Every structure is written in structure tokens, then in C-alpha cells.
Amino acid sequence: MTKFEAMKNNLFLRCSTLLATILLFLGLVTHVQAQSGASVILLDDAYATLAQAKHDYQGHRVRAMKQIEAALGEMGGKISGKGRNRESQGTSDAQMRAAEGLLQQARAGLSGKSLKHVDHAIAQINDGLSIR
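Right, let's walk through the structure included here. None of these values were measured; they are calculated from a predicted model.

### Details of the overall build of the protein chain
So, step 1. Assigned secondary structure in the protein chain consists of 5 helices and 0 strands.
So, step 2. Traced from its N-terminal end to its C-terminal end, the protein chain shows the element sequence α-α-α-α-α.
So, step 3. Per-residue burial over the protein chain gives 37% buried out of 132 residues.
So, step 4. Counting every atom, the protein chain has about 7,600 Å² of accessible surface; 58% of that belongs to carbon and sulfur.

### As for the environment of His117
So, step 1. Structurally, His117 can be placed in helix α5 (residues 112-129).
So, step 2. The class of His117 is buried, set by a relative accessible area of 19%.
So, step 3. Expressed as a C-alpha distance, the spacing of His117 and Leu72, which sit 45 residues apart in the sequence, is 9.1 Å.
So, step 4. Excluding its chain neighbours within four sequence positions, the residues that come into contact with His117 are Gln67, Ala70, Ala71 and Glu74.
So, step 5. Polar side-chain contacts of His117 include one of 2.8 Å to the side chain of Gln67.

### Points about the nonpolar core
So, step 1. In terms of nonpolar packing, the biggest core is built from 24 residues, with Leu43, Leu50, Ile68, Leu103, Val118 and Ile125 touching the most fellow members.
So, step 2. Taken together, the elements giving at least two residues each to this core come down to α2 (31-52), α3 (60-74), α4 (89-107) and α5.
So, step 3. Ranked by the residues each element gives to this core, the list is headed by α2, at 6 residues.
So, step 4. Apart from residues no more than four positions distant in its own chain, Leu43 is found in contact with Ile68, Ala71, Leu72, Met75, Leu103, Ala106 and Val118.

### A short note on the environment of Lys54
So, step 1. When you line up the elements, Lys54 lands in the loop between α2 and α3.
So, step 2. When its relative accessible area of 46% is taken as the criterion, Lys54 is described as partly exposed.
So, step 3. With 34 residues separating them along the chain, Lys54 and Ser88 place their C-alpha atoms 6.2 Å apart.

### What to know about the environment of Gly112
So, step 1. Here Gly112 lies in helix α5.
So, step 2. Under the relative-accessibility criterion, Gly112 is labelled exposed at 57%.
So, step 3. When the C-alpha atoms of Gly112 and Ala71 are compared, they prove to be 9.6 Å apart, with 41 residues separating the residues in sequence.

### Section: the pattern of salt bridges
So, step 1. Tallying each qualifying case throughout the model produces 1 salt bridge.
So, step 2. Where Arg107 meets Asp119, a salt bridge forms, and the shortest distance between an N and an O atom there is 2.6 Å. Of this pair, Arg107 sits in helix α4 while Asp119 sits in helix α5, placing them 12 residues apart in sequence.
So, step 3. Residue Arg107 is classed as partly exposed on the basis of its relative accessible area, which comes to 30%.
So, step 4. For Asp119, a relative accessible area of 31% translates into the label partly exposed.

### Examining the side chain of Ser92
So, step 1. Inspection of the secondary structure assignment puts Ser92 in helix α4.
So, step 2. Take Ser92: its relative accessible area is 0%, and that puts it in the buried class.
So, step 3. In this structure the side chain of Ser92 is engaged in a polar contact, spanning 3.0 Å, whose partner is the side chain of Tyr57.

Parameters at a glance
Residues numbered from 1 in each chain as written. Predicted model: local features only at pLDDT ≥ 70, side-chain atom pairs only at ≥ 80, totals over all residues. Heavy atoms only, no water. Helix = DSSP H or I, 4+ residues; strand = E, 2+ residues; numbered from the N terminus. Buried < 20%, exposed > 50% of the residue type's maximum accessible area, 1.4 Å probe, protein only. Areas by Shrake-Rupley, 256 points an atom, 1.4 Å probe, with all protein chains shown as cover. Contact = heavy atoms within 4.5 Å. Polar contact = N/O pair within 3.5 Å; in protein donor to acceptor, adjacent residues only side chain to side chain. Core = buried A, V, L, I, M, F, W, Y, C linked by side-chain atoms within 4.5 Å. Salt bridge = Lys/Arg side-chain N within 4 Å of Asp/Glu carboxyl O.

Listed below in C-alpha cells is the structure:
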């Protein structure tokens, strides 16, 4: 991910969080809806981050992506299709760690099956990173 794309993603996340906060303040959405919207964005970003990784990690990266997609499906969300570039091994490992961080942040707004899928995705990422 280029610095510009990272800044763009960060700006988008901040703007969507600000919008959710304003709508929450105005009473137009509930706290759960606002938190859910932020979680959908984090999950989609995590999916895109994993999609950019170059290496397979013995299938754990792809299994983590499928778990994220399932979690989004439970929430009525969809994968945006971001993350088409491929990277070197070191960058790929960093992307895997970054995706795990996004998933950890998203956990706070999840429950039920969505949370279970995200926990499985985190486990797949950790399993993939442990392979050397």
C-alpha cells in the first residue's frame, strides 16, 4: 500500500467515524448502528490489506479473507474490491500484521457470528505468520 493510499484510507476512516459521531449526536442513528458501520469499514480494510499480501502463508491468508467476508456477510456488508497490488515478503508480513490490527479494532463493535468469524480470521493470520 502506498503512503497516499494509506493516508486516503485513514482519512476515509476518520471521516466516516466523524459522520457516525455526528449522526449519533443528532439521534439519527443508534450507537450500535454507528459502531457497526465503523466495523464494516475496518473489516473491508483488513480484507483489502490481506488481498495485497504476495504470499499464500500455506492457505491461512486466504482462509482469513474468507472469514472476514463471512463476517461482513453476517452484517449485511460486502467486500469493496480494494487491494489489487502484490508486495514483497517483508511488506506482505507487515500487511498481515496490519490486517490483524484492523481486525482487533473491529472486534469492539461485533458480536455473535460476526465476532466468531473475525476471531477465526485473526487465528488464521497468526498461524500464517508463524510459518517460516
